[in-house]
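Summary of the model geometry
Below, each chain spelled out in residue letters.
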Amino acid sequence: MILIKWQHKVLKNAFPFLWPLFITLAILFTLFFIQIQNQEKYVNSYRSQIEEKLKAPAVKRDSSLRAQIKYEYQALKSGPDEYNRKYLEALSIRRNNNGTSSLGTRIKNAFTPISIDITNMYTSGEYQNTINELNLVASNKLTPFFPARLLTNESTKLTFGGDDLTFKKYSMQFSTRFYTHGFYFLEHLFHELVFNVLSTIFGLVILGWWAQIGFKKSSGCGNDWLEMLNISQEKAYLGGFLLNILSYFVMTLVITAVFLLISAAFASLGSLEYPIFDWNGNFMQLWQIVLTDISLLMINIFLFFSISSLLQTLISNALVQTLVSSIIVVLASLLPIRWWSPFASLHISMISDGFIFQNGGSLLSVILITLSLGIMFLFSGLLVIKLQRR
């Protein structure tokens, strides 16, 4: 018992952020397993729907119709690669409108997820982008999503040919994707605004108090041990900020590595070369998108930690300061999405695929604007310290 207590004390002192790491990993794996569970439910439900169709009297009497339905049923049972290939074949037939000359063509053309009743709902963009994506997946033998579905984008809801209720229904049936591979799941998380907001707030809550160590604002000067070590308030302020950034970066790397290592035991990691659509009309590889995502995440952290550092010079109560910082993050996420916005970097998905740059701007411009604003807040804090000491 004494040994256990000693080990606990050592871990607590040596790794003060151990419990946040465990909490974060627990959340990640919960969300990951929900994806796996939802995929199983979807496939089982979809398979049951097809089985019910095969039992219908009209289908039993019509050998041609039965063959059409069984074609997809067999593809679904064959697994991701075969389903991906046949889905691509059927989608190409539908896209080219070369539909009904032979029984074989009719069978492939009737692949349920892209049947005739939705061709007027989506634009040609969704079909062609999906064809391009699946061609790249098949030709490069990459790990596909299962089951294969239409590749939608930020404009799909605006160009959809039905009402909102129909869009929601069709999205569930025809474009839902399940991120059941480690790399795909992480990329999906980075592209969720809620995740970016919460991960930033989490960092502020866990690390935001570091810059306050040995720092007294009420007296306008450093405390005794800072003076003994000949460490100025300015150095403590900047040191705390840099320590925050470095700690968050290390925590992100550790959490990512541990997640990928453990998740590989449940499902393959996927393919880092998987094609991701961008608004230049090209497909970027997944690893390129992930590097961009991580860079934007760290730029967000730089900006909001600089705001937090400034607030630490103005607000003596650490709890109130963290609360105000968190509120600023939430409010920033609600601002209109423009490339020139100082908080545009929160919208990682729209930046990494280029959607936000359709009317101007670039990734470099977003980075420069965000870093400039962060530096301005950071040095404003130094100015406050100097003014308080007078």
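Analysis parameters
Residues numbered from 1 in each chain as written. Predicted model: local features only at pLDDT ≥ 70, side-chain atom pairs only at ≥ 80, totals over all residues. Heavy atoms only, no water. Helix = DSSP H or I, 4+ residues; strand = E, 2+ residues; numbered from the N terminus. Buried < 20%, exposed > 50% of the residue type's maximum accessible area, 1.4 Å probe, protein only. Contact = heavy atoms within 4.5 Å. Areas by Shrake-Rupley, 256 points an atom, 1.4 Å probe, with all protein chains shown as cover. Salt bridge = Lys/Arg side-chain N within 4 Å of Asp/Glu carboxyl O. Axes fitted to C-alpha atoms, helices over the stretch in contact; angles between N-to-C directions. Parallel < 35°, antiparallel > 145°, perpendicular 65-115°, else oblique. Left-handed = near helix turned anticlockwise from the far one by under 90°. Nonpolar A, V, L, I, M, F, W, Y, C, P; charged D, E, K, R; others polar. Core = buried A, V, L, I, M, F, W, Y, C linked by side-chain atoms within 4.5 Å. Phe/Tyr/Trp six-rings, centres within 6.5 Å; stacked < 30°, edge-to-face > 60°. Lys NZ or Arg CZ within 6 Å of the ring centre and 35° of its normal. pLDDT = per-residue confidence, 0-100. Polar contact = N/O pair within 3.5 Å; in protein donor to acceptor, adjacent residues only side chain to side chain.

On a plain count of helices and strands, the protein comes out with 17 helices and two strands. The proportion of buried residues among the 390 residues of the protein is 49%. The long-range fraction of contacts in the protein, counting pairs at least 24 apart against all pairs at least 6 apart in sequence, stands at 74%. Carbon together with sulfur atoms contributes 64% to the accessible area of the protein, which is approximately 20100 Å² in total.

In this section: the pattern of salt bridges. Inspection of the entire model under this criterion finds five salt bridges. Of the charged contacts, one joins Glu82 and Arg85 as a salt bridge, the two residues approaching to 2.7 Å between their closest N and O atoms. Of this pair, Glu82 and Arg85 both sit in helix H5 (residues 80–96), three residues apart, roughly one helical turn. By relative accessible area, which is 26% here, Glu82 ends up partly exposed. Lys86 is the partner of Glu82 in a salt bridge, and the nearest nitrogen-oxygen pair spans 3.5 Å. Here Glu82 and its partner Lys86 are both found in helix H5, four residues apart, which amounts to about one turn of the helix. Note on Lys86: relative accessible area 13%, which makes it buried.

Now for the packing of helix H14 (residues 286–314) against helix H17 (residues 363–389). It is at 8 Å that the axes of H14 and H17 come closest, and there the two elements cross at 20 degrees. Comparing the axis directions of H14 and H17 gives the class roughly parallel. For H14 against H17, the interelement crossing comes out left-handed. Counted by class, the contact of H14 with H17 contains 16 nonpolar, nine polar and no charged residues.

Counting 65 residues, the largest nonpolar core has Phe185, Phe259 and Phe304 as its most contacted members. In terms of residues, this core owes the most to one element, H14, which gives 14 residues. If we skip the residues at most four places from it in the chain, Phe304 touches Thr200, Leu204, Ile328, Val329, Ala332, Phe343 and Leu346.

With that out of the way, let us pick up the packing of aromatic side chains. Applying the stated rule across the entire model yields 26 aromatic pairs. Judged by centre distance (6.3 Å) and plane angle (80 degrees), the ring pair of Tyr248 and Phe305 falls under edge-to-face. Here the residue Tyr248 occupies a position in helix H13 (residues 233–263), and Phe305 occupies one in helix H14, the gap between them amounting to 57 residues. In terms of burial, Tyr248 and Phe305 fall into one category: buried. Between Lys86 and the ring centre of Tyr71, over which it is positioned, the NZ or CZ distance is 4.9 Å. Positioned above the aromatic ring of Phe145, the side-chain terminus of Arg177 is 5.3 Å from the ring centre.

Detailed reading of the predicted model is not advised wherever pLDDT is low. Residues of the protein with pLDDT of at least 70 account for 83%, and the chain-wide mean is 84. Note that pLDDT drops below 50 for residues 213–225; the model gives that stretch 26 contacts with residues more than four away or on any other chain.

We now examine the environment of Arg66. Structurally, Arg66 is set in helix H4 (residues 63–78). Placed 11 residues apart in sequence, Arg66 and Lys55 show a C-alpha to C-alpha distance of 9.5 Å. When residues no more than four places from it in sequence are discounted, the contact partners of Arg66 are Leu54, Val59, Lys60 and Arg61. Of the polar contacts made by the side chain of Arg66, one reaches the backbone oxygen of Lys60; its length is 2.7 Å.

Structurally, Glu133 can be placed in helix H7 (residues 124–139). Note on Glu133: relative accessible area 1%, which makes it buried. Dropping the residues within four chain positions of it, Glu133 is found in contact with Leu151, Arg177, Tyr274, Pro275 and Phe283.

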